[in-house]
Amino acid sequence: MTVENPRSLTIIGAGLAGSLLAILLSRQGWQITIYERRGDPRIADYESGRSINLALAERGRNALRQAGVEAEVMAKTVMMRGRMVHARDGSQELQRYGRDDSEVIWSVHRRDLNTTLLQLAEQAGTKIHFHRRLHTVDFDAGYARFIDDRDDQPHDIHFNTPLIGADGAGSALRAAMNRKSPLGEHTEFLDHSYKELEIPPGPTGGFQIEPHALHIWPRGRYMCIALPNDEGTFTVTVFLPNEGDPSFASVRNGIEAEALFQRDFADALPLIPDLHHDWEQHPPGLLGTLYLDRWHLRGRAVLLGDAAHAMVPFHGQGMNCAFEDCVALARMLQQNDSVESAFAAFQAERKPNAAAIQQMALDNYIEMRDQVADPAFLLQRELEQALQARWPTRFVPHYTMVTFLHTPYAVALERTRIQQRILADATAGHTTLEHMDWAALEQIIHAQLPVLEGAH
Ligand code: FAD
Ligand code: E0Q
């Protein structure tokens, strides 16, 4: 492949990462062309089989800030202060995510976010081609075949730029790279899937449950969550095993779904009028973790976001991590003389961090569905807060490092493991914090947890 204009790049996928990366790179002077499978969401009816809204946290906000689009995005978000845990008896309790309203997360509508980013990418000079689904790539000849799914017609396009794969978990660029030279791809599917439902606005147009929270109905092996949308609705996501009882195999239709809700999510049932229809029409979405040995094909192609490291959604970090990838790749392209070394440096920096958040996202499913209602777990959370209050720059809760700070995910995972051991040891045999040995804890913490950058 000859690179005629080294300042040009082609991005596959105009989703969340593709459109944000286009803004960052266009503003850095790169000529960016994007090919997107779907139609323009600004005009077409937006078909999205996946989560309608997403939790945006500090990492994602920081990336939006770098791209100069933070204020525009934030204008359409809903603040979420914590988890509103719904017990079986219908009682609710807010578990705050942070210490105050400066430590919160934000619910953002996927379509609004994508549309805003696309608009700004175009304004920054990006050329976007819709209805172009990448099908195959001939890297040596410099040809890529795209399909227009409206008429199934192929479009062969000659390219002389490096390719960037922002085409999501089912990445076609990844498949093409893998055929050229194996990437060591391996996907581990979870034996649980998800389905999306909706709580509409109430009779007077307002939110029917507390808007400023991420609602969660933890039920042991499974759970429901709900995130607010700014128009007064909530998107409800049900996570269930694929097999067993209850599961997506045992709850086969609207009537059985209603029985499940009646038994396990009784307070939510009257709020979901389209339960029967939505249950039967929306197929369950698969969940899994994608591992690759390599993310790039020398200077010819690189993957980022879900295309490189799809993860389970239980930490609400997939988009946030994808946005952090975009900032890192833009920085590497600025700092390195060649695209090849930029891609290599990007992989070296991001791959260990992606692996860490993939692991933490898996761990958080157990915490979410099971432990948020467990007394031993709650005592550990209480101690965690007490330790943070005493030594705020050293003992930084796991959730804070991941969600409110820019601590590299790999560092957050390492510190979390140390902290979990401290919390488990200190609370073993206790039911309250009354007899904690604070002097001993101080010694352990100073020995094991150095001051963390950004913590306050
Ligand atoms: P995508 O957003 O999937 O974008 C890929 C784009 O590429 C799409 O526009 C697609 O049409 C296009 N495309 C695909 N194939 C081709 C092709 N062959 N040719 C051309 N274009 C193509 N993350 C969070 O941070 N917070 C959350 O709260 C959260 N909740 C989630 C809940 C659920 C149920 C799920 C499944 C995920 C959740 N995520 C969350 C994760 C988040 O959705 C993803 O990590 C994020 O969308 C990844 O962005 P991306 O740009 O890499 O991929
Ligand atoms: C968040 C915010 C889909 C999803 C998204 C999320 C979260 C959860 C549980 C889920 C994790 C948490 N969480 O509350 O600990 O913080 O984004 Cl299931």
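Note that this is a predicted model, so its numbers are computed, not measured.

### Digging into the site of ligand 1
Looking at ligand 1, there are 31 residues lining it, with Glu-36, Ala-55, Arg-110, Leu-134 and Asp-306 nearest. One nitrogen or oxygen atom from the main chain of Met-319 is found 2.9 Å from an oxygen atom belonging to ligand 1. With respect to ligand 1, the side chain of Asn-320 contributes an N or O atom lying 3.0 Å from an oxygen atom. Broken down by secondary-structure element, the contributors of at least two residues to the shell around ligand 1 are helix H1 (16–27), strand E3 (53–56), strand E9 (133–138) and helix H9 (318–335). If one sorts the elements of the shell around ligand 1 by residue count, H9 sits on top with 3 residues.

### Observations regarding the sheet that holds strand E2 (residues 31–35)
Within a sheet, each strand pairs with its neighbour through backbone hydrogen bonds, oriented either parallel or antiparallel. Spatially, 6 strands are ordered E8-E2-E1-E12-E19-E18 in an open sheet, and the strand pairing comes out mixed. Both edges of this open sheet fall to strand E8 (127–129) and strand E18 (296–297), since each of them pairs with a single strand only. In this sheet, strand E12 (residues 163–165) lies alongside strand E1 (residues 8–12) in parallel orientation, the contact comprising 3 bridges. Paired with Ile-11 across the bridge in E12 is Ile-164. H1 rests against E1, E2 and E12 of the sheet, and its axis sits at about 165° to E2.

### Re the environment of Ala-266
Looking at the element boundaries, Ala-266 is found in the loop between helix H6 (254–264) and helix H7 (275–281). With 94 residues separating them in the primary sequence, Ala-266 and Ala-172 have C-alpha atoms 42 Å apart.

### Considering the environment of Leu-441
Relative to the helices and strands, Leu-441 is located in helix H14 (residues 438–448). With a relative accessible area of 5%, Leu-441 lands in the buried category. For the pair Leu-441 and Ala-268, spaced 173 residues apart in the sequence, the C-alpha separation amounts to 42 Å. Excluding residues that lie within four positions of it along the chain, Leu-441 makes contacts with Leu-383, Leu-387, Ile-422, Ala-426 and Met-436.

### Let's talk about the site of ligand 2
Taken together, 15 residues lie around ligand 2, and Arg-83, Tyr-97, Gly-316, Asn-364 and Tyr-399 are the ones closest in. One of the side-chain N or O atoms of Asn-364 is found 3.1 Å from an oxygen atom in ligand 2. Tyr-399 places a polar side-chain atom, nitrogen or oxygen, 2.4 Å from an oxygen atom of ligand 2. Against a free-state accessible area of 410 Å², the protein chains account for coverage of 94% of ligand 2. Contributing elements (two or more residues each) for the shell around ligand 2: strand E15 (223–228) and helix H10 (339–369). Grouping the constituent residues of the shell around ligand 2 by class yields 11 nonpolar, 3 polar and 1 charged.

### As for the confidence of the model for the chain
Low pLDDT means the predicted atomic positions in that stretch should not be read closely. Of the residues in the chain, 97% reach a pLDDT of 70 or more, and the chain-wide mean stands at 95. Counting interchain partners and residues more than four positions distant, the pLDDT-below-50 stretch residues 1–5 has 8 contacts.

### Section: H1
With 12 residues, H1 should cover 16 Å at 1.5 Å per step; its first-to-last C-alpha distance of 17 Å lies within 8% of that length. With 11 of 12 residues buried, H1 is to be regarded as a mostly interior element. Within H1 the residues assigned to the buried category are Leu-16, Ala-17, Gly-18, Ser-19, Leu-20, Leu-21, Ala-22, Ile-23, Leu-24, Leu-25 and Ser-26. Phi turns positive one or two residues past the end of H1, at Gly-29, with a value near 100°.

The rules behind these values
- As a convention, each chain's residues are numbered from 1 in the sequence order in which they are written.
- Chains and ligands are labelled sequentially in the order written, the chains with letters from A and the ligands with numbers from 1.
- Thresholds applied to this predicted model are a pLDDT of at least 70 for local features of residues and 80 or more for the giving and counting of side-chain atom pairs; totals over whole chains, interfaces and linings are not thresholded and use all residues.
- Values reported for side chains reflect all heavy atoms of the structure, with hydrogen atoms and water molecules removed beforehand.
- Here, proximity means that at least one heavy atom of the residue falls within 4 Å of the molecule or strand.
- Throughout this description, a polar contact denotes any pair of N or O atoms lying within 3.5 Å of each other; where both atoms belong to protein, one of them has to be capable of donating a hydrogen while the other can accept it, and for residues adjacent in sequence the pair is counted only when both atoms sit in side chains.
- In this text, helices come from DSSP runs of H or I with a minimum length of four residues, and strands from runs of E with a minimum of two, each type numbered from the N-terminal end.
- When DSSP finds two or more bridges between a pair of strands, those strands are recorded as paired.
- For this analysis, residues touch if any pair of their heavy atoms sits within 4.5 Å.
- Lines fitted to C-alpha atoms define the axes, with helix axes restricted to the stretch in contact, and inter-axis angles between N-to-C directions lie between 0 and 180 degrees.
- Burial classes follow relative accessibility: with a 1.4 Å probe on protein chains only, a residue under 20% of its type's maximum area counts as buried, one over 50% as exposed, and anything between as partly exposed.
- Computed by Shrake-Rupley with a 1.4 Å probe, the accessible areas treat only the displayed protein chains as cover when residues are assessed.
- When residues are grouped by polarity, Ala, Val, Leu, Ile, Met, Phe, Trp, Tyr, Cys and Pro land in nonpolar, Asp, Glu, Lys and Arg in charged, and all others, Gly among them, in polar.
- Confidence per residue, as judged by the predictor, is encoded in pLDDT with a range of 0 to 100.
- Helix span, as expected, comes to 1.5 Å for every residue beyond the first.

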